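# Structural overview
These are the residues of each chain, in order.
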Amino acid sequence: KPCSTAMTLSQLQVGEFLAALGERTPAPASGAATALTAAIAAALVELAGRFAGDEESVVRAKELWSRLSELADEDSAAYTAFMADRNDETGARTIAVPEEIASCADEIVTLAEHVRGQLRSSVVGDAEAAGELARAAAVVARRLAELNRC
């Protein structure tokens, strides 16, 4: 079913989000997907941090995935607003949101590497996956911001 405006993207079941992503609509699209990819990376850092006994990293990872969930919705709203009224203000928002996504993703990479260094178990793979997902999200978010400047 289509993405309801009354429901945030993070409230959707995975299948519902994927269906909404595949619709021929301006949003959600790559910005929201990138934010949620980074949020997944942060959740993996949270998991790895728990195994490492690194409470500070756990807390920060939770803050990051929470903010990234919000940014997924903000990106969709920004792009929808821009498509409805192409002006400097709405255009600036389509740049600022992916830039913040990239910044959060960069921090997740750092956290993932920090936590990875504390692990000696199978959870190492989760920390490494978090780092790779976050790196990819940062690259994509920066590219989206660049494209939205044009």
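Structure shown above.
Residues numbered from 1 in each chain as written. Predicted model: local features only at pLDDT ≥ 70, side-chain atom pairs only at ≥ 80, totals over all residues. Heavy atoms only, no water.

### A few points about the overall build of the protein chain
The cut-off we apply is this: By the criteria applied, helices consist of DSSP H or I runs no shorter than four residues and strands consist of E runs no shorter than two, each listed in order from the N terminus. The atom set for the radius of gyration is the C-alpha atoms, and the globule formula is 2.2 Å times the number of residues raised to the power 0.38. Computed by Shrake-Rupley with a 1.4 Å probe, the accessible areas treat only the displayed protein chains as cover when residues are assessed.
Of regular secondary structure, the protein chain possesses five helices and zero strands. Here the protein chain has a C-alpha radius of gyration of 16 Å; the compact-globule value for 150 residues is 15 Å, and the two agree. Seen through its principal axes, the protein chain has C-alpha atoms that stretch 50 × 30 × 20 Å. Of the accessible surface of the protein chain, which amounts to about 8100 Å², a share of 55% is contributed by carbon and sulfur atoms.

### Some details on the nonpolar core
Heads up, the rule is: Remark: nonpolar core denotes a set of buried residues (Ala, Val, Leu, Ile, Met, Phe, Trp, Tyr, Cys) joined through side-chain atoms within 4.5 Å. Classification of residues uses two cut-offs on accessible area relative to the type maximum, computed with a 1.4 Å probe and protein chains only: under 20% is buried, over 50% is exposed, and between them is partly exposed. Should any heavy atoms of two residues lie within 4.5 Å, those residues are counted as being in contact.
In terms of nonpolar packing, the biggest core is built from 36 residues, with Val 45, Leu 68, Leu 71, Ile 101, Ile 108 and Leu 119 touching the most fellow members. Elements supplying a minimum of two residues to this core: helix H2 (30-52), helix H3 (55-84), helix H4 (88-116) and helix H5 (124-149). With sequence-adjacent residues up to four places away left out, Val 45 is seen in contact with Ala 61, Ile 108, Leu 111, Ala 112, Val 115 and Ala 130.

### Re the packing of aromatic side chains
Two aromatic rings are characterised by how far apart their centres lie and by the angle between their planes. The line we're drawing: Planes of paired rings set the category: under 30 degrees apart is stacked, over 60 is edge-to-face and the rest tilted, where pairs are Phe, Tyr or Trp rings (Trp by its six-membered ring) whose centres lie within 6.5 Å.
Here the structure, examined in full by the defined rule, presents one aromatic pair. Seen from their ring centres, Tyr 79 and Phe 82 are 6.4 Å apart, and the 45° between their planes marks the pair as tilted. Of this pair, Tyr 79 and Phe 82 both sit in helix H3, separated by three residues, roughly a single helical turn.

### Observations regarding the pattern of salt bridges
Test applied: In the sections that follow, a salt bridge refers to a side-chain nitrogen of Lys or Arg positioned within 4 Å of a carboxyl oxygen of Asp or Glu.
Per the stated rule, a full pass over the model turns up 13 salt bridges. One salt bridge in this structure joins Arg 67 and Glu 74, with 2.7 Å as the shortest N-O distance. The class for Arg 67 is partly exposed, based on a relative accessible area of 21%. Residue Glu 74 is classed as partly exposed on the basis of its relative accessible area of 23%. Among the ionic pairs, Arg 149 bridges to Glu 99, the shortest N-O distance being 2.1 Å. Taken as a pair, Arg 149 in helix H5 and Glu 99 in helix H4 lie far apart in primary sequence, 50 residues in all. Residue Arg 149 is classed as partly exposed on the basis of its relative accessible area of 49%. For Glu 99, a relative accessible area of 39% puts it in the partly exposed group. Several salt bridges share partner residues, and in doing so they unite Arg 67, Glu 70, Glu 74, Arg 93 and Glu 100 into one network.

### Remarks on the environment of Thr 37
Inclusion rule: By the criterion applied in these results, polar contacts are pairs of N or O atoms within 3.5 Å in which, for protein atoms, one can donate a hydrogen and the other can accept it, and in which residues neighboring in sequence qualify only through two side-chain atoms.
Note on placement: Thr 37 falls in helix H2. Of the residues examined, Thr 37 reaches a relative accessible area of 28% and is grouped as partly exposed. Separated by 72 residues in sequence, Thr 37 and Val 109 place their C-alpha atoms 13 Å apart. With residues near it in sequence (within four places) discarded, Thr 37 still touches Leu 133 and Ala 137. Within polar-contact distance, the side chain of Thr 37 engages the backbone oxygen of Ala 33 at 2.8 Å.

### Quick look at the side chain of Asp 54
Mapped onto the fold, Asp 54 is located in the loop between H2 and H3. A polar contact of 2.7 Å, which involves the side chain of Asp 54, links it to the side chain of Gln 118. Those residues within four positions of Asp 54 in sequence are excluded, and the remaining contacts are Gly 49, His 114, Val 115 and Gln 118.

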